[in-house]
Amino acid sequence: ARSPDPAAMAPRAPRARAAEQHKASSDAPKAVNWLTTLRAIWKLGVPFFSDPEARLKAWGLLIINISVVLAEVALIFQLSVDSKHFTNALAHRDEDKFWGMVWHLLFHIMLLPPTFFLGRLVAGTLALEWRRHLTYKVFGKYISDDQAYYRLKMEDLSIDNPDQRIAQDVSEFTATAVFLITHFTRDVSTVATSSWAIFRMSNRLGLFLVGFSLVHTLIMLKGFASPLMRVQRRVLGLEADLRFILIRLREHAESIAFFRGAHVEKLRSEAKFVKVVHAEYKKLCILAGFDSFSSGVKHTLDFASYLILAPMYFATTVSFGEMHQAHALFHQNLKSMLDFTSHLDKISGLGAQSLRVIELWDALDRYAGVDAEQDAGSSPHKSQGDGNVNDSSTDAGTDAGSNMDVELGGSARKYDEVRGGDTRSEERVCLMELAGTATESLAVRDMSLFPPHGEVPLLQGLSFCMRWTDSVLLTGPSGAGKSTLLRAIAGFAMKGSGSIWRARLEHCFFLPQSPYLYEGSLRENVLYPSSVGEAALSSDCKAGGIGNEEQALRIREVFDNLGIGYLIERHGLDEDVDFDKMLSGGEKQRLNFARVLMRSDLRFVFLDEATSALDEANEDNAYSLLKASICCFMSVGHRPNLRRFHTHQLCLEKTGTGGCRGSMITL
């Protein structure tokens, strides 16, 4: 096997630049123009109508919706024609024509309810299917192997409440978009048919109607829509923040009760609610001004058609029925022309919702772009070899600065970050996966780590190597970067420099201090995430030809060994229970250990204070079972009894210039 050029492997020095804090506040959303809003609406609308898997359904529903709307408009126009003949028959005392028009009116009126029902049903279906498609798209970007859900939390502070944006803003966007599409189609078709009839009666009336509507629309958009959209975005952000505070209160109710912190939480909730009310008052003032202006215009123009047509009626140029029809058409046409601005709150809501969703969408696309660049840029870091990491030292680790001759047999990933379309990138740890034949499970070379939003290093020049029989206890003062080191080894995008080689991710397992418990059965939890929903066979059981009974026996054995077999007696293996609320901290951590013990394909396990809630006897028992099952693992811990379960200790010590350096000792 050949070794790579040492110069090529030398880590680059961290690039110094000012720390950028992305603290976009929901209290003061940045101003946007109409082009940005239209771009957001377009970007969210196009995928549903262009995706090969969804476009047939999307266009079909849209065409049916538009057809039903046109049928409604045609029926309403026909009713105005019938009303003209009906009124003329009354004026001329033509009884036969009167009763004939009554039957015409009844027939067309009876057609309206099923038409309206079908229109509402199709519009609602279009909105729901659009939401389904858009939500699945966001799910695919947000809950993915790219770990975007984690990166947003750790690296991008500008995206507040992504859960609210996905669950609520997407729903309201699609519902409002379909509502406005339906109304716009109805308004355009109504204006077209009514204007044709009005211009036939009086050009003066038609020109007056068109001119006034255009001026009114411009005033509404400029004077009310823009400020209302800004306030609406602020309201949405503040409402989401208030919900988040209340959710945290519910999730941490026990701790807050022990601390007797109710008064603090109440003050915090009230302070946020005051901002919500203040923003709502601003919105209320804008809407009140809009309603008063619209109402004044509407009542002023109620008799405009009579005033314009009265001279023609007195000159017997038009009949009374035609004048009545002209008034109805004028009123209907004016309503349609002003309908776009009458739904100003929905238009502003659509703009605000689309901007909030597209901010999340663009952030997720940036992370997807980062991974694409990593994949494209990995080839320069690959070299042919057997996947071994040859250390000049015979120990499991070396102090920082030791030489390590490395041969790469895995695929390298280079963590470059591009923010907001900016082409500059910052230093990222280079992570590579070792070949399956490698005798090492982990190697770190000249690695320095920085916090996501800081320039003071947490770790400096760290180098060590772990062979497949080594177990390392990671110790150091609080804030030394122990958890950060585990995150970097796990493959989370961490700012820094240097290189990491580790076993393939599918052969690694991570035990955090606070275990995540799936809302399901014990079987689903212990096999998570390989078996969720159906409690199907795990990959290990499938490979060994073990059935559900054998699997259940294995789970019982593991639980009994960990001292939590009573959980199966209480809840069974397949009963859905919210174990996150049911179990104590120690029970959760032992259930977390059971996940490791159920796996037979693991080469490396990371434990981040995974036994902090256990007493010493249960901790010793858990580590004894772990050591018997897994040869290579790294633990973060502070208790002295953990030393006997590890072969080496990696000590992190703070330096005078900031950050920590590590040294490896044999236990």
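Residues numbered from 1 in each chain as written. Predicted model: local features only at pLDDT ≥ 70, side-chain atom pairs only at ≥ 80, totals over all residues. Heavy atoms only, no water.

A. Inspection of helix H19 (residues 585-597) at higher detail. For H19, which comprises 13 residues, the first-to-last C-alpha distance of 19 Å matches the rise-based estimate of 18 Å (1.5 Å per residue) to within 8%. Among the 13 residues of H19, twelve are classified as buried, and the element is accordingly described as predominantly covered. (Helix = DSSP H or I, 4+ residues; strand = E, 2+ residues; numbered from the N terminus. Expected span 1.5 Å × (residues − 1). Buried < 20%, exposed > 50% of the residue type's maximum accessible area, 1.4 Å probe, protein only.)

B. Summary view of the pattern of salt bridges. This model, assessed by the stated rule, comprises 24 salt bridges. Notably, a salt bridge pairs Asp169 with Arg356, separated by 2.8 Å at the nearest N-O pair. Here Asp169 is found in helix H6 (residues 162-201), whereas its partner Arg356 is found in helix H12 (residues 344-376), with 187 residues between them in sequence. Neither Asp169 nor Arg356 differs from the other in exposure class; each is buried. Between Arg467 and Glu440 there is a salt bridge, with its nearest N and O atoms 2.9 Å apart. Note that Arg467 is positioned in strand S6 (residues 459-467) and Glu440 in strand S5 (residues 440-449), a separation of 27 residues in sequence. (Salt bridge = Lys/Arg side-chain N within 4 Å of Asp/Glu carboxyl O.)

C. Summary view of the packing of helix H16 (residues 548-562) against H19. One way to put it is that H16 packs onto H19 with a least axis distance of 10 Å and a crossing angle of 135°. Viewed along their axes, H16 and H19 adopt a mutual orientation that is oblique. Crossing of H16 over H19 shows right-handed handedness. Residues Arg554, Val558, Phe559 and Leu562 of H16 touch H19, and the partners they reach there are Arg590, Leu591, Phe593, Ala594 and Leu597. Considered class by class, the residues forming the contact of H16 with H19 number seven nonpolar, no polar and two charged. (Axes fitted to C-alpha atoms, helices over the stretch in contact; angles between N-to-C directions. Parallel < 35°, antiparallel > 145°, perpendicular 65-115°, else oblique. Left-handed = near helix turned anticlockwise from the far one by under 90°. Contact = heavy atoms within 4.5 Å. Nonpolar A, V, L, I, M, F, W, Y, C, P; charged D, E, K, R; others polar.)

D. Summary view of the pairing of strand S13 (residues 660-666). Taken together, the seven bridges between strand S12 (residues 648-654) and S13 define a ladder with antiparallel strand orientation. Considered in S13, the bridge of Leu652 is made with Gly662. Taking the residues between adjacent antiparallel strands as the criterion, S12 and S13 are bridged by five residues, where Gly658 takes a positive phi near 100°. (Pairing = 2+ DSSP bridges.)

E. Main features of the packing of aromatic side chains. Counted according to the given criterion, the structure contains 13 aromatic pairs. Between Phe48 and Phe49, the aromatic rings sit 5.2 Å apart at their centres with planes inclined by 65°, giving edge-to-face as the arrangement. By relative accessible area, which is 2% here, Phe48 ends up buried. Aromatic side chains Phe48 and Trp130 sit 6.1 Å apart centroid to centroid with 15° between the ring planes, which places their arrangement in the stacked category. A residue pair is termed long-range when its members are at least 10 positions apart, and Phe48 in helix H2 (residues 34-50) and Trp130 in helix H4 (residues 95-142) qualify at 82 residues. Trp130 matches Phe48 in its accessibility class, with the two residues each being buried. Among the aromatic side chains, those forming a connected cluster through ring pairs are Phe48, Phe49, Trp59, Trp130 and Phe173. (Phe/Tyr/Trp six-rings, centres within 6.5 Å; stacked < 30°, edge-to-face > 60°.)

F. Broad picture of a nonpolar patch on the surface. A surface patch of nonpolar side chains, about 440 Å² in accessible area, is lined by Tyr136, Phe139, Ile143 and Tyr149. As for its position among the elements, Tyr136 is in helix H4. The class for Tyr136 is exposed, based on a relative accessible area of 54%. (Patch = residues over 30% accessible without salt bridge, like charges linked within 9 Å, V, L, I, M, F, W, Y side chains within 5 Å. Areas by Shrake-Rupley, 256 points an atom, 1.4 Å probe, with all protein chains shown as cover.)

G. Structural context of the environment of Asp51. Its place among the elements puts Asp51 in the loop between H2 and helix H3 (55-91). Taking C-alpha positions, Asp51 is 9.5 Å from His133, a pair spaced 82 residues apart along the chain. Sequence-distant contacts of Asp51, defined by excluding residues within four places in its chain, comprise His133 and Lys137. Among the polar contacts listed, one links the side chain of Asp51 to the side chain of Lys137, at a separation of 3.4 Å. (Polar contact = N/O pair within 3.5 Å; in protein donor to acceptor, adjacent residues only side chain to side chain.)

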